[in-house]
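# Summary of the model geometry
Here are the chains, one letter per residue:
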Amino acid sequence: MKDLIRSIANIFRWLGKALNTIRLITLNLVFVVLVFFLFSTLAFHSSTKEVKSASSGALLLSLKGNIVEEKKQSDPLSTIL
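Residues numbered from 1 in each chain as written. Predicted model: local features only at pLDDT ≥ 70, side-chain atom pairs only at ≥ 80, totals over all residues. Heavy atoms only, no water.

## Some details on the overall build of the protein chain
- Secondary structure summary: the protein chain contains two helices and zero strands in total.
- On C-alpha atoms alone, the protein chain measures out to a radius of gyration of 32 Å, which is more than a quarter above the 12 Å that the 2.2 N^0.38 rule sets for 81 residues.
- Taking the principal axes of the C-alpha coordinates as reference, the protein chain spans close to 90 × 50 × 15 Å.
- Burial statistics for the protein chain: of 81 residues in total, 0% are counted as buried.
- Total accessible area on the protein chain is roughly 8900 Å²; 66% of this is exposed by carbon and sulfur atoms. (Helix = DSSP H or I, 4+ residues; strand = E, 2+ residues; numbered from the N terminus. Rg over C-alpha atoms; globule rule 2.2 N^0.38 Å. Buried < 20%, exposed > 50% of the residue type's maximum accessible area, 1.4 Å probe, protein only. Areas by Shrake-Rupley, 256 points an atom, 1.4 Å probe, with all protein chains shown as cover.)

Quick look at the structure:
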């Protein structure tokens, strides 16, 4: 009787290990496919964008702020507060 119960338990143990292995393989394949799809989508979109450059003209800068000639020592505690 013990041998019968032990053999049934071994069958269920083997079945559980087999299902777990199938689950891991399936999820890993899904992950690899998703990562491949993500990278291929990003590569496709980045390669299709055209960069327009002006052949003539000037670069206009809108500078705001103070002109600093020398670095000023600042207290890190006072900048936090």
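Don't stop here, the text continues.
## A word on the environment of Arg 23
- Residue placement: Arg 23 occurs in helix H1 (residues 2–48).
- For the pair Arg 23 and Arg 13, spaced 10 residues apart in the sequence, the C-alpha separation amounts to 15 Å.
- Side-chain polar atoms of Arg 23 contact the side chain of Asn 20, separated by 2.6 Å. (Polar contact = N/O pair within 3.5 Å; in protein donor to acceptor, adjacent residues only side chain to side chain.)

## Side note on a nonpolar patch on the surface
- Together, Met 1, Leu 4, Ile 5, Ile 8, Phe 12, Trp 14, Leu 15, Leu 19 and Ile 22 line one region of the surface with nonpolar side chains, adding up to about 1000 Å² of accessible area.
- Classification of Trp 14 by relative accessible area gives exposed; the value is 61%. (Patch = residues over 30% accessible without salt bridge, like charges linked within 9 Å, V, L, I, M, F, W, Y side chains within 5 Å. Salt bridge = Lys/Arg side-chain N within 4 Å of Asp/Glu carboxyl O.)

## Examining the environment of Ile 11
- Among the secondary structure elements, Ile 11 is positioned in helix H1.
- Take Ile 11: its relative accessible area is 55%, and that puts it in the exposed class.

Everything listed here is a matter of geometry and, on its own, says nothing about what the molecule does.
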